Structures are given as C-alpha cells and as structure tokens.
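Structure at a glance
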Amino acid sequence: TLLVSANIEAPGVREYLATRYPGWKPAVYSPESLDVFLNELGDKGWELVHMQPVAGVGTNRDINFPGTLNLFSNTFFCVLKRRKAA
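Further remarks concern helix H2 (residues 35–43). Burial in H2 covers these residues: Val 36, Leu 38 and Leu 41. Tucked into the core, H2 has its buried residues touching strand S1 (2–5), helix H1 (13–20), strand S2 (46–53) and strand S5 (75–82).

What follows concerns the side chain of Ser 73. Position of Ser 73 relative to the elements: it lies in strand S4 (residues 72–73). Assessed through its relative accessible area of 0%, Ser 73 is described here as buried. In terms of polar contacts, Ser 73 uses its side chain to reach the backbone carbonyl oxygen of Thr 75, at 2.9 Å.

Turning our eyes to something else, we now look at the packing of aromatic side chains. Taken as a whole and assessed by the stated rule, the structure comprises one aromatic pair. Centroid distance Tyr 21 to Trp 24: 5.4 Å. Interplanar angle 75°. Geometry classified as edge-to-face. Given a relative accessible area of 28%, Tyr 21 falls into the partly exposed group. We classify Trp 24 as partly exposed; its relative accessible area is 34%.

What follows concerns the nonpolar core. Within the largest apolar cluster, eight residues are counted, these being Val 4, Ala 6, Leu 34, Leu 38, Leu 41, Phe 76, Cys 78 and Leu 80. Those elements that provide at least two residues to this core are H2 and S5. The element contributing the most residues to this core is S5, with three residues. The residues touching Leu 34, leaving out its near neighbours within four places in the chain, are Val 4, Ser 5, Ala 6, Met 51 and Phe 76.

The strands making up a sheet associate through backbone hydrogen bonding, with each pair oriented either parallel or antiparallel. Sheet architecture is open: three strands sit in the order S1-S5-S2, paired in antiparallel fashion. Looking at the sheet topology across the chains shown, the edges are occupied by S1 and S2. When strand polarity is set aside, the average angle formed by the axes of neighbouring strands in this sheet is 35°. Relative to S5, S2 runs antiparallel, the two sharing seven bridges. When the bridges of S5 are listed, Pro 53 appears paired with Phe 76. Most of the contacts of H2 go to S2, to which it runs at about 150°, and overall it touches S1, S2 and S5.

Cut-offs and rules
- Residues numbered from 1 in each chain as written.
- Predicted model: local features only at pLDDT ≥ 70, side-chain atom pairs only at ≥ 80, totals over all residues.
- Heavy atoms only, no water.
- Buried < 20%, exposed > 50% of the residue type's maximum accessible area, 1.4 Å probe, protein only.
- Helix = DSSP H or I, 4+ residues; strand = E, 2+ residues; numbered from the N terminus.
- Contact = heavy atoms within 4.5 Å.
- Polar contact = N/O pair within 3.5 Å; in protein donor to acceptor, adjacent residues only side chain to side chain.
- Phe/Tyr/Trp six-rings, centres within 6.5 Å; stacked < 30°, edge-to-face > 60°.
- Core = buried A, V, L, I, M, F, W, Y, C linked by side-chain atoms within 4.5 Å.
- Pairing = 2+ DSSP bridges.
- Axes fitted to C-alpha atoms, helices over the stretch in contact; angles between N-to-C directions.

The structure is reproduced here in structure tokens:
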C-alpha cells in the first residue's frame, strides 16, 4: 500500500500533462498529476489494483466528496501488486 499526493509541480509532471492533454490547464492537485509516478511504478513491474482519495486531506479545488460537509482530498490511498519472483 502507498499514500501519494497529487501535485503538478513534481518533476516532469507539467511537461507530461502538456503532451498528454494539449491545451488543458490542470489544477495544482489534479489526480492526473500522479500519472508520471504511477507509470514509473508500472515500468518496475507494479500494477495499481485500487486507488481512492483520502477524505479530509486537502482544501478547496481538490477532489470534493459529494454529500459531505466540504471534505476535500489531494492524497490517494493506492494498493499495488507485483508478480512474485519465481
């Protein structure tokens, strides 16, 4: 398991998003900013099997939890797996 925070200011993220989504102006804590980090883990043999935002870890303009008392998140709980070496 892993807790990761989305942040467009992480190395290589802004460039990746500009190439992947031309013309899009993402918010600083857009979940898409995790793509670079998660792809690097994938290149090392890890597979993301579950991902969910952690409620209450963030501020306005992050991911909002509908129906809650203004709970936001910019941090994600990720579960990864990797094939066991033979």
